[in-house]
Amino acid sequence: MAEAPLIGISTYAEPGVRWGAWQLDAALLPAGYPLVVQRAGGLVAMLPPDAPERAAAAVSRVDGLVIAGGPDVEPVHYGAEPDPRTGPPARARDAWELALIRAALDRRTPLLGICRGMQLLNVALGGTLVQHVDGHAGAPGAFGRHPVTPVPGTRYAGLVPEPSSVPSFHHQAVDRLGRGLVPSAHAADGTVEAVELPGPAWVLGVQWHPEMGEDLRVLRGLTRAAAEGVPT
């Protein structure tokens, strides 16, 4: 029997995080990310921001990769000026996660981008973003829900063939698609809610937050693809 695949998940880097008597800079993840990977059959390795030139070495040690949600991508990465509603940059995280994505694409490591992670996947492949959309987030600090509809014949539709309600919190979205990417799900307003690369490599981005829901099908798709490269 193959061992459980090791899934790397990129993390936040936050200053002055408080727990107990401590207040220190921290590399952290909301617990939903590791928990959903574990529930889907994977082991978890957290990948905090590091020097971009170390990304290939990090990716070589995992069987699959999740680029987690988080702050807005700095518009300089897709040749745009910041909109007043775009949040402050997270430059070290942008550089690290773009390098992780490119390393995963080069190695054909199974890759899932979640929310910001999907947007970074699009940017890494030369795409652009809409810097503000309405109606895709709940109140501050709370997730909303809305339906998404799969595009027939895509990898995502093979995992989730029916329209489904998903947990969502984002105010940016894909504009021009990156090289080779195809849309694989849409919201009712036409927003691209999932993208993927056709072909043998397992590469998928979802604009919503599967770690905040009960549907494991996307994460099980990732862990199955990652397990194919694990020695029996």
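Because the structure is a prediction, the values reported are computed rather than measured.

Novice: Hey, could you run me through the nonpolar core in this one?
Specialist: One broad rule of soluble globular proteins: the nonpolar side chains tend to lie buried together. Leu-65, Ile-67, Leu-100, Ile-101, Leu-111 and Leu-121 are the most contacted members of the largest nonpolar core, which has 30 residues in total. Listed by contribution, the elements that provide at least two residues to this core are α2 (55–60), β5 (64–67), α3 (91–107), α4 (116–124) and β12 (192–196). The element contributing the most residues to this core is α3, with seven residues. By size, the runner-up hydrophobic cluster in this structure holds 29 residues, among which are Leu-29, Tyr-156, Val-206 and Ala-226.

Novice: Help me understand the pattern of salt bridges in this model?
Specialist: Note on pairing: side chains with opposite charge can pair once their charged atoms come close. One pass over the full model with this rule turns up nine salt bridges. The residue Arg-54 makes a salt bridge to Asp-50 at a minimum N-O spacing of 2.9 Å. When salt bridges with common partners are traced through the structure, they connect Arg-93, Asp-94, Glu-97 and Arg-116 into a single cluster.

Novice: Looking at this structure, I do not really get helix α6 (residues 217–227). What am I missing?
Specialist: A turn of α-helix holds 3.6 residues, and therefore any two residues three or four places apart point the same way. Taken residue by residue, α6 has Val-218, Leu-219, Gly-221, Leu-222, Thr-223, Ala-225 and Ala-226 as its buried positions. Close packing links the buried residues of α6 with β1 (6–10), α1 (32–39), β5, β6 (111–114), α5 (155–159) and β13 (203–206).

Novice: Sorry, what's going on with the environment of Arg-217 here?
Specialist: With respect to the helices and strands, Arg-217 occurs in helix α6. Accessibility expressed as a relative area gives 28% for Arg-217, which makes it partly exposed. Taking the C-alpha atoms as reference points, Arg-217 and Ala-40, separated by 177 residues in sequence, lie 8.1 Å from one another. Leave out the neighbours within four places in its chain, and Arg-217 touches Leu-159, Val-160, Pro-161 and Glu-162.

Novice: Sorry if this is basic, but what is going on with the packing of α3 against α4 here?
Specialist: Helix-helix packing is described using two parameters, namely the angle between the two axes and the distance between the axes. It is the contact of α3 with α4, at a shortest axis distance of 10 Å, that shows an interaxial angle of 70°. Our classification of the angle between α3 and α4 gives roughly perpendicular. Where α3 crosses over α4, the handedness of that crossing is right-handed. Every residue of α4 that contacts α3 at Arg-93, Asp-94, Glu-97, Leu-98, Ile-101 and Arg-102 is listed here: Arg-116, Gly-117, Leu-120, Leu-121, Val-123 and Ala-124. Counted by class, the contact of α3 with α4 contains six nonpolar, one polar and five charged residues.

Novice: Even after reading the chapter, I still don't get the packing of aromatic side chains, so can you show me in this structure?
Specialist: One pair of aromatic rings is described through two measures. These are the centre distance and the angle between the planes. For the coordinates displayed, the defined rule picks out two aromatic pairs. Ring geometry for Phe-143 and Phe-169: centres 6.1 Å apart, planes at 70°, overall edge-to-face. Taken as a pair, Phe-143 in the loop between β7 (129–130) and β8 (144–150) and Phe-169 in the loop between β9 (164–168) and β10 (173–174) lie far apart in primary sequence, 26 residues in all. A cation over an aromatic ring shows up here: Arg-93 above the ring of Tyr-12, its NZ or CZ 4.6 Å from the ring centre.

Novice: How should I be thinking about the sheet that holds β6 in this particular structure?
Specialist: Ordered in space as β4-β1-β5-β6-β13-β12-β11-β8-β9, the nine strands form an open sheet in which the pairing is mixed. Two strands lie at the open edges of the sheet, namely β4 (43–47) and β9, each paired on one side alone. Across the sheet, the axes of successive neighbouring strands diverge by a mean angle of 25°, strand direction being ignored. This element, α3, spans β1, β4, β5, β6 and β13 of the sheet and lies at about 150° to β5. Of the strands in this sheet, β1, β5, β6 and β13 touch α6, which is tilted by about 155° from β6.

Novice: Where do I start with the side chain of Glu-97 in this structure?
Specialist: Mapping Glu-97 onto the fold places it in helix α3. A polar side-chain atom of Glu-97 sits 2.7 Å from a polar atom in the side chain of Arg-93. In contact with Glu-97, other than residues within four places in its own chain, are Ser-10, Thr-11, Ile-67, Arg-116 and Leu-120.

Novice: For this particular structure, what's the right way to read the layout of surface pockets?
Specialist: Over the atoms a probe the size of a water molecule is rolled, and this reveals where empty space is left. Roughly 390 Å³ of internal volume is contained in the largest pocket. Forming the walls of the largest pocket are 21 residues, and the residues nearest its centre are Gly-70, Cys-115, Phe-169, His-170 and His-209. The class makeup of the residues in the lining of the largest pocket is 10 nonpolar, eight polar and three charged.

What counts and what doesn't
Residues numbered from 1 in each chain as written. Predicted model: local features only at pLDDT ≥ 70, side-chain atom pairs only at ≥ 80, totals over all residues. Heavy atoms only, no water. Core = buried A, V, L, I, M, F, W, Y, C linked by side-chain atoms within 4.5 Å. Buried < 20%, exposed > 50% of the residue type's maximum accessible area, 1.4 Å probe, protein only. Helix = DSSP H or I, 4+ residues; strand = E, 2+ residues; numbered from the N terminus. Salt bridge = Lys/Arg side-chain N within 4 Å of Asp/Glu carboxyl O. Contact = heavy atoms within 4.5 Å. Axes fitted to C-alpha atoms, helices over the stretch in contact; angles between N-to-C directions. Parallel < 35°, antiparallel > 145°, perpendicular 65-115°, else oblique. Left-handed = near helix turned anticlockwise from the far one by under 90°. Nonpolar A, V, L, I, M, F, W, Y, C, P; charged D, E, K, R; others polar. Phe/Tyr/Trp six-rings, centres within 6.5 Å; stacked < 30°, edge-to-face > 60°. Lys NZ or Arg CZ within 6 Å of the ring centre and 35° of its normal. Pairing = 2+ DSSP bridges. Polar contact = N/O pair within 3.5 Å; in protein donor to acceptor, adjacent residues only side chain to side chain. 1 Å grid on protein atoms, 1.4 Å probe; cavity = no way out; pocket = protein on both sides within 12 Å on 5 of 7 lines; lining within 4 Å. Points joined across faces, edges and corners; volume = space filled by probe spheres on them.

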